[in-house]
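Each chain, written out:
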Amino acid sequence: MAVESPDPDASEAARRAAAVVIDEAMSYVCAAALRAVAATGVADHLAAGPRTPAELAASSGVDAGNLRRVLRLLATRGLFAEDAEGRFGLTEAGEALRSDAPVPVRAAVLMITDRTFWLPSGELTRSLTEGTSAFDDIFGMPFFDHFAQDEQTAAVFHDGMAAMSEAENTPVARCWTFPDEALVVDIGGGQGGFLKAVLRASPTVRGVLYDRAHVLAGHRLDTQETEGRWELAEGDFFTSVPPGDVHVLKRILHDWDDDQCVTVLRNCRRSLAPKGRVLVVDAVIPPGDDPHQGKTLDLLMMVSLTGRERSQDDFERLFRAAGLKLVRIHSTPTVLSIVEAEAEAEAEAEAEAEAVTEAD
């Protein structure tokens, strides 16, 4: 089939539109460049100030000419800046790539651009035509099964998730008032970064970090601030969860399909204390066309896992199926929201009590 030549009389607006689409098609190269500088630790060699590509190459063991080309591209994205002498330095955003940054993101970059997400993303068309991801075909097994058999990849994932969460844990933990003396169960809580933030923000609260044994082995809860207020619990949240006053599911439900989520939420409902709460901490997709990081995360879930990012309506449906009721959604300074739920029967009983009080 012959390819038609562009219309020589096409409007300038049409040509600009074509250029925009082409730029979008090439944007994945920026992610590849970002991964390259993260993998080679370039930012750490700029801690003392701007350096030439040759100086950077000598200290980081990379090719000077190619490094300059990579940094030149990333400078257009505001991560590096080139001065009049041809030296490159870190911008405010680029500082986050340093290993010793106040909120380091290097591990998160390496996780997001790891082949476990990168390769299935290249096969996204299959998600459209076949309704599933290509992950199983590429790696021979589902996402989390692959991690269970590959310690190196698992380390990339858990370290990346911990780094990705570091910037959001404290502000999210401060956006909900945990009851005094409450027992908070962080379900699938990984290395415990969020639970640690909760314990710091709420000094009377006690916590349980619940996850698989190999994940708990890398926990980060053993600090002076949290001493004596936490414990570890090993298990599978598809089977059961420990009892508690507050069950937290941070970046958990988005990994799984609706049926799997309902199973987890029902387990929470069964072990939740009277008047307890379930807090789902995930991105809540807003209506409309405005940019939102959750819309990008949604495609990562689509290509590599069985899950998705969800809207308020989606969460309400999940809760109803699990015997829970959405109480309210709390916004946070991050891309995440706190979706608060309670047991359905308790919600109905409270509503009836309020109605009686008003009638009196």
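Residues numbered from 1 in each chain as written. Predicted model: local features only at pLDDT ≥ 70, side-chain atom pairs only at ≥ 80, totals over all residues. Heavy atoms only, no water.

Let's talk about the overall build of the chain
Consideration 1: From N to C terminus, the chain includes 16 helices and 9 strands.
Consideration 2: The long-range fraction of contacts in the chain, counting pairs at least 24 apart against all pairs at least 6 apart in sequence, stands at 63%.
Consideration 3: The centroid of the 34 positive side-chain charges in the chain is displaced by 3 Å from the centroid of its 59 negative side-chain charges. (Helix = DSSP H or I, 4+ residues; strand = E, 2+ residues; numbered from the N terminus. Contact = heavy atoms within 4.5 Å. Lys, Arg positive; Asp, Glu negative; His and termini not counted. Charge placed at Lys NZ, Arg CZ, Asp CG, Glu CD.)

Describing the packing of helix 3 (residues 53-60) against helix 4 (residues 64-75)
Consideration 1: Orientation of helix 3 relative to helix 4, taken along the N-to-C sense of each, is 115°, at an axis distance of 8 Å. One way to sum up the angle between helix 3 and helix 4 is to call them roughly perpendicular. Note on packing geometry: the crossing formed by helix 3 with helix 4 is right-handed. Across the interface between the two elements, Pro 53, Ala 54, Leu 56 and Ala 57 from helix 3 touch Ala 64, Leu 67, Arg 68 and Leu 71 from helix 4.
Consideration 2: By residue class, the composition of the contact of helix 3 with helix 4 is 7 nonpolar, no polar and 1 charged. (Axes fitted to C-alpha atoms, helices over the stretch in contact; angles between N-to-C directions. Parallel < 35°, antiparallel > 145°, perpendicular 65-115°, else oblique. Left-handed = near helix turned anticlockwise from the far one by under 90°. Nonpolar A, V, L, I, M, F, W, Y, C, P; charged D, E, K, R; others polar.)

Brief notes about a nonpolar patch on the surface
Consideration 1: On the surface, Ile 22, Met 26, Tyr 28, Val 29, Trp 118, Leu 119 and Ile 138 cluster together into a nonpolar patch covering about 630 Å² of accessible area.
Consideration 2: Only helix 2 (28-39) and helix 6 (115-121) provide two or more residues apiece to the nonpolar patch. (Patch = residues over 30% accessible without salt bridge, like charges linked within 9 Å, V, L, I, M, F, W, Y side chains within 5 Å. Areas by Shrake-Rupley, 256 points an atom, 1.4 Å probe, with all protein chains shown as cover. Salt bridge = Lys/Arg side-chain N within 4 Å of Asp/Glu carboxyl O.)

Some details on the packing of aromatic side chains
Consideration 1: Per the counting criterion, the structure on display carries 15 aromatic pairs.
Consideration 2: Site record: aromatic cluster; members linked through ring pairs are Phe 117, Phe 135, Phe 139, Phe 143, Phe 144, Phe 147, Phe 157, Phe 237, Phe 238 and Trp 256. (Phe/Tyr/Trp six-rings, centres within 6.5 Å; stacked < 30°, edge-to-face > 60°.)

Looking at the environment of Gly 86
Consideration 1: Checked against the element boundaries, Gly 86 lands in the loop between strand 1 (80-82) and strand 2 (88-90).
Consideration 2: In this structure, the C-alpha to C-alpha distance between Gly 86 and Asp 159, residues 73 residues apart in sequence, is 34 Å.
Consideration 3: If we ignore the near neighbours within four places in the chain, the residues touching Gly 86 are Thr 52 and Pro 53.

A word on the nonpolar core
Consideration 1: Judged by nonpolar contacts, the single largest core of 29 residues is most densely connected at Leu 249, Leu 265, Val 278, Val 280 and Phe 319.
Consideration 2: Among all residues touching Val 280, those that are not within four sequence positions of it are Leu 249, Leu 253, Leu 265, Phe 315, Phe 319, Ser 337, Ile 338 and Val 339.
Consideration 3: Core analysis: the second largest hydrophobic core is formed by 21 residues, Leu 195, Ala 197, Val 205 and Leu 336 among them. (Core = buried A, V, L, I, M, F, W, Y, C linked by side-chain atoms within 4.5 Å. Buried < 20%, exposed > 50% of the residue type's maximum accessible area, 1.4 Å probe, protein only.)

Topic: the sheet that holds strand 3 (residues 183-187)
Consideration 1: Ordered by their spatial adjacency, 7 strands build an open sheet running 5-4-3-6-7-9-8, and the pairing between neighbours is mixed. The strands lining the two open edges of the sheet, one partner per strand, are strand 5 (230-234) and strand 8 (324-331). In this sheet, neighbouring strand axes are inclined to one another by 20° on average, regardless of whether the strands run parallel or antiparallel.
Consideration 2: With 3 bridges connecting them, strand 3 and strand 6 (residues 244-250) associate as parallel partners. In the sheet register, Asp 186 faces strand 6, and the bridge partner there is Val 248.
Consideration 3: Packing against the sheet, helix 13 (residues 258-271) makes contact with strand 3, strand 6, strand 7 (272-282), strand 8 and strand 9 (337-343), and its axis sits at approximately 150° to strand 7. (Pairing = 2+ DSSP bridges.)

Structural notes on unusual backbone geometry
Consideration 1: Positive phi outside glycine occurs at Glu 181, with the angle close to 65°.
Consideration 2: For Glu 181, the position within the fold is in the loop between helix 10 (151-173) and strand 3.

Let's talk about helix 10
Each turn of an α-helix holds 3.6 residues, which means side chains three or four residues apart point in the same direction.
Consideration 1: At Glu 166, helix 10 shows its largest kink, close to 50°.
Consideration 2: For helix 10, the N-terminal cap is Asp 150; the gap from its side-chain oxygen to the backbone nitrogen of Gln 152 is 3.2 Å. (Bend = angle between axes of the 7 residues up to and from the residue. Polar contact = N/O pair within 3.5 Å; in protein donor to acceptor, adjacent residues only side chain to side chain.)

Side note on the pairing of strand 7
Consideration 1: Of all 11 residues in strand 7, 9 are buried; the element is thus mostly enclosed.
Consideration 2: Both strand 6 and strand 7 contribute to a ladder of 6 bridges, which runs parallel. Paired with Val 248 across the two strands is Leu 279, which belongs to strand 7.
Consideration 3: After leaving strand 6, the chain enters helix 13 and then returns to the sheet as strand 7, a path that is right-handed. (Right-handed = clockwise from strand over helix to strand, strands pointing away.)

Considerations on the pattern of salt bridges
One side chain can pair with another of opposite charge once the charged atoms of both are near each other.
Consideration 1: Counted by the stated rule, this structure contains 18 salt bridges.
Consideration 2: For Arg 220, the salt bridge identified is with Asp 159, shortest N-O distance 4.0 Å. Here the residue Arg 220 occupies a position in the loop between helix 12 (213-216) and strand 5, and Asp 159 occupies one in helix 10, the gap between them amounting to 61 residues.
Consideration 3: In this structure Arg 220 comes out as partly exposed when scored by relative accessible area, which is 41%.
Consideration 4: Overall, the relative accessible area of 35% leaves Asp 159 in the partly exposed class.
Consideration 5: Taken together, the shared-partner salt bridges connect Arg 277, Arg 328, Glu 340 and Glu 342 into one network.

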